[in-house]
Amino acid sequence: MVRPVDTGTFWDRAAETMPREDLVQLQTSRIRACLQRLKSSGIHYYDRRLSDVEPEQLNSTDDLRRLPFMTKDDLREHYPFGLFLAPQERIVRIHASSGSTGKPTVVGYTRADLELWADTLARGLVAGGVSEKDTFQNAYGHGLFTGGLGFHDAASLVGAAVVPTSAGHTARQVMLMRDFGTTALGCTPSYALHVAEVAAAEGLDLHSLPIRAAFLGAEPMTERMEQEIEDRMGVAVYEQYGLSEIIGPGVASACGKSEGMHVWEDRFVPEVVDPESGERLPDGEVGELVLSAPTKEAFPVIRYRTRDLVRLIREPCPCGRTSARISKILGRTDDMLIVRGVNVFPSQIEHALLGVEGLEPHYQIVLGTRADRQDELRVRVEMSQRVAAASNLRADLEARVVETLRNVLDLTAAVELTSPNTIPRSEGKAIRVLDQRTRQER
Ligand code: ADP
Ligand code: ZN
């Protein structure tokens, strides 16, 4: 399915700039067709769930709200292949999520699904200026995780020279980046930061190398973290969003012209709902992102609850793409911490820390239980070399961090300033929160 790159701006101009009315009509007919397929799949789960649903009565994407949701638990209950619509002989790839909380969620792809996936992620790469002239170093983990192979196929499709380093071996990563003249990097934000740090430790100024763009995703990144990475690496960051249940990376991509990430809406239909009531929220309000992927063959999904908290942005974008954008992921419905009755999102802490002079962007949030059985919120954060070398600066820095966190969170956190390079670096998704509270306190 190799198509010429359209003047370096769009991968698929027709799809990316489709007039809104046409787009909504296309979404509606695709969802209708998908419902028909699900209803006649012979899969008990769909028979039961869609028994009252008449696909012909779906007249717009607004009517989606009448359809039931699908959740991660539904996938787990049908582990591993129970919800695949395509027979085994048509499946050509199987991926699975990390499964840190029980059985992994398993997703399957037909050949057409892989093409669809590469095609949507290619739009994101091209929006960030990737072409056949680029050398794309792919430091996402290659394996069951969708990051590595997803970016591999998309960057190959665009025609870049792909260097499949996978994550890890950071010193070698930096050496190859220099020797191969890498122009674009793909990895998680936390790993990008680590790559920058290792380069700096080796006396290599990334600003002097050809690398100019980084396609970062798979974990949250505040504005400030994005800025920090851009400054340290001398690149433009193009954020990427996706999840394996929908397809993998390539669900939404930044264009660099305005806030947020364009959802490739002809393929993935976004809604934002109240996480409690499940009611659709007006555009612009923060809620849980719900996505439908009606055109996948092996594993289409309708109204999948992502647990990711976002805002939908529908104002037209100066880049000319007509799709809705999602804001940065502001948190997850399951990562909100409740500390002494106060709601805290890790992203608020990151944002606050990155605004304090004298700290490095490496931190960990540790929850514990105090002697009085109350929750303790402890924030461990690295100080800069300069502060570490001058012990008289520490008390003042610590006080500033405590104060900044109190202003943002309305809570007093215990702050632990640690020496540079003491917080574990991540190669994939960083683990920022350690919950060590005793059971009954949760
Ligand atoms: P798992 O993390 O369960 O192994 P995935 O690899 O499919 O599964 O990860 C998908 C999740 O990763 C998303 O639901 C979201 O929480 C997170 N994610 C992906 N891209 C971003 C992003 N740009 N910003 C924040 N979180 C992201
Ligand atoms: Zn745009």
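Residues numbered from 1 in each chain as written. Chains lettered and ligands numbered in written order. Predicted model: local features only at pLDDT ≥ 70, side-chain atom pairs only at ≥ 80, totals over all residues. Heavy atoms only, no water.

Explain the overall build of the chain here, please?
The number of helices and strands found in the chain is 12 helices and 21 strands. Its C-alpha atoms give the chain principal-axis dimensions of about 70 × 55 × 40 Å. Each of the 442 residues in the chain was classed as buried or not, and the buried ones make up 53%. Long-range contacts, defined as pairs at least 24 residues apart, comprise 66% of the intrachain contacts of the chain with a sequence gap of at least 6. Accessible surface, the chain: about 18,700 Å² in total, of which carbon and sulfur atoms supply 49%. (Helix = DSSP H or I, 4+ residues; strand = E, 2+ residues; numbered from the N terminus. Buried < 20%, exposed > 50% of the residue type's maximum accessible area, 1.4 Å probe, protein only. Contact = heavy atoms within 4.5 Å. Areas by Shrake-Rupley, 256 points an atom, 1.4 Å probe, with all protein chains shown as cover.)

It is not clear to me how the environment of Met225 should be interpreted in this structure. Could you clarify?
Position of Met225 relative to the elements: it lies in helix α9 (residues 223-233). Residue Met225 is classed as buried on the basis of its relative accessible area, which comes to 2%. Leave out the neighbours within four places in its chain, and Met225 touches Leu193, Glu350, Leu354, Pro361 and Arg432.

Help me out: how do you make sense of the coordination of the zinc ion (ligand 2) in this one?
Each pair of donors in an ideal four-coordinate tetrahedral metal site encloses 109.5 degrees, whereas pairs in an ideal six-coordinate octahedral site enclose 90 or 180 degrees. Around the zinc ion (ligand 2), the protein contributes the donor atoms Cys255 (SG), His262 (NE2), Cys317 (SG) and Cys319 (SG), which lie 2.1 to 2.3 Å from the metal centre. Classification of the site at the zinc ion (ligand 2) rests on its four donor atoms, whose angles at the metal span 101 to 115°, yielding the label tetrahedral. Coordination of the zinc ion (ligand 2) draws on donor residues from a single chain, spaced C-x6-H-x54-C-x1-C in sequence. Residue Cys255 is found in the loop between β8 (248-253) and β9 (261-263), and its partner Cys317 is found in the loop between β13 (312-313) and β14 (325-326); the two are separated by 62 residues along the sequence. Like Cys255, the residue Cys317 is buried in the burial classification. (Donors = N, O, S within 2.8 Å, 3.2 Å for Na, K, Ca; no water. Tetrahedral: all angles 85-135°; square planar, octahedral: opposite > 155°, others 65-115°.)

What should I look at first to understand the sheet that holds strand β12 (residues 301-310) in this one?
Through backbone hydrogen bonds, the strands of a sheet pair up, either in parallel or in antiparallel fashion. Strand order across the open sheet formed by four strands is β10-β11-β12-β15, with antiparallel pairing between neighbours. At either end of the open sheet lies a strand with only one pairing partner, and these are β10 (269-273) and β15 (331-332). Pairing of strand β11 (residues 287-293) with β12 involves five bridges; the strand directions are antiparallel. Across the sheet, the residue bridging to Gly287 is Val310, located in β12. (Pairing = 2+ DSSP bridges.)

Teacher, can you tell me more about the site of ligand 1 here?
Around ligand 1 there are 17 residues in total, and Ser98, Gln240, Ser244, Asp308 and Arg332 lie nearest to it. Measuring from a nitrogen atom of ligand 1, one finds a backbone N or O atom of Glu219 at 3.2 Å. With respect to ligand 1, the side chain of Asp308 contributes an N or O atom lying 2.6 Å from an oxygen atom. Bound to the protein, ligand 1 loses 90% of the 570 Å² it would expose on its own. No other element matches the five residues that strand β7 (residues 236-243) contributes to the shell around ligand 1. In terms of residue class, the shell around ligand 1 is built from six nonpolar, five polar and six charged. (Near = heavy atom within 4 Å. Polar contact = N/O pair within 3.5 Å; in protein donor to acceptor, adjacent residues only side chain to side chain. Nonpolar A, V, L, I, M, F, W, Y, C, P; charged D, E, K, R; others polar.)

Even after reading the chapter, I still don't get the environment of Arg212, so can you show me in this structure?
Residue position: Arg212 is located in the loop between α8 (189-201) and β6 (213-217). C-alpha separation for the pair Arg212 and Gly250, spaced 38 residues apart in sequence, amounts to 20 Å. Apart from residues no more than four positions distant in its own chain, Arg212 is found in contact with Gly128, Gly129, Val130, Asp134, Thr183, Gly234, Val235 and Ala236.

It is not clear to me how the pattern of salt bridges should be interpreted in this structure. Could you clarify?
Once their charged atoms are close, side chains differing in charge can pair, the charge on each being opposite to the other. Summed over all chains, the structure comprises 37 salt bridges. Ionic pairing is found between Arg178 and Asp179, a salt bridge with its closest N-O pair at 3.1 Å. Owing to a relative accessible area of 43%, Arg178 belongs among the partly exposed residues under this scheme. Note that Glu265 is salt-bridged to Arg314, the shortest N-O span being 3.9 Å. Taken together, the positions of Glu265 in the loop between β9 and β10 and Arg314 in the loop between β13 and β14 put the pair 49 residues apart, joining distant regions of the chain. Owing to a relative accessible area of 2%, Glu265 belongs among the buried residues under this scheme. For Arg314, a relative accessible area of 35% gives the class partly exposed. One network of salt bridges, with partners in common, ties together Asp62, Arg65, Glu271, Arg280 and Arg303. (Salt bridge = Lys/Arg side-chain N within 4 Å of Asp/Glu carboxyl O.)

Whenever I open this one, the sheet that holds strand β18 (residues 359-369) confuses me. Can you help?
Strand order in this open sheet of four strands is β20-β19-β18-β21, and the pairing throughout is mixed. Strands at the two margins of the open sheet, each flanked by one partner only, are β20 (414-418) and β21 (433-435). The mean angle between the axes of side-by-side strands here comes to 20°, regardless of whether they run parallel or antiparallel. Bridge analysis of β18 against strand β19 (residues 375-383) gives eight bridges, and the strand direction is antiparallel. By the bridge assignment, Ile365 is partnered in β19 with Val379. Its contacts with the sheet place helix α10 (residues 346-353) against β18, β19 and β21, and it is angled at close to 140° to β18. (Axes fitted to C-alpha atoms, helices over the stretch in contact; angles between N-to-C directions.)

Could you clarify how one ought to interpret α9 in this entry?
Side chains of residues three or four places apart in an α-helix project in the same direction, reflecting 3.6 residues per turn. When α9 is considered as a whole, its buried residues turn out to be Met225, Glu226, Ile229, Glu230 and Met233. Projected down its long axis, α9 carries its buried residues within an arc of 140°, all on one side. Buried residues along α9 sit in contact with β5 (184-187), α8, β6, β7, α10 and β18. The first or second residue beyond α9 is Gly234, which carries a positive phi of 65°. (Arc of directions from axis to C-beta.)

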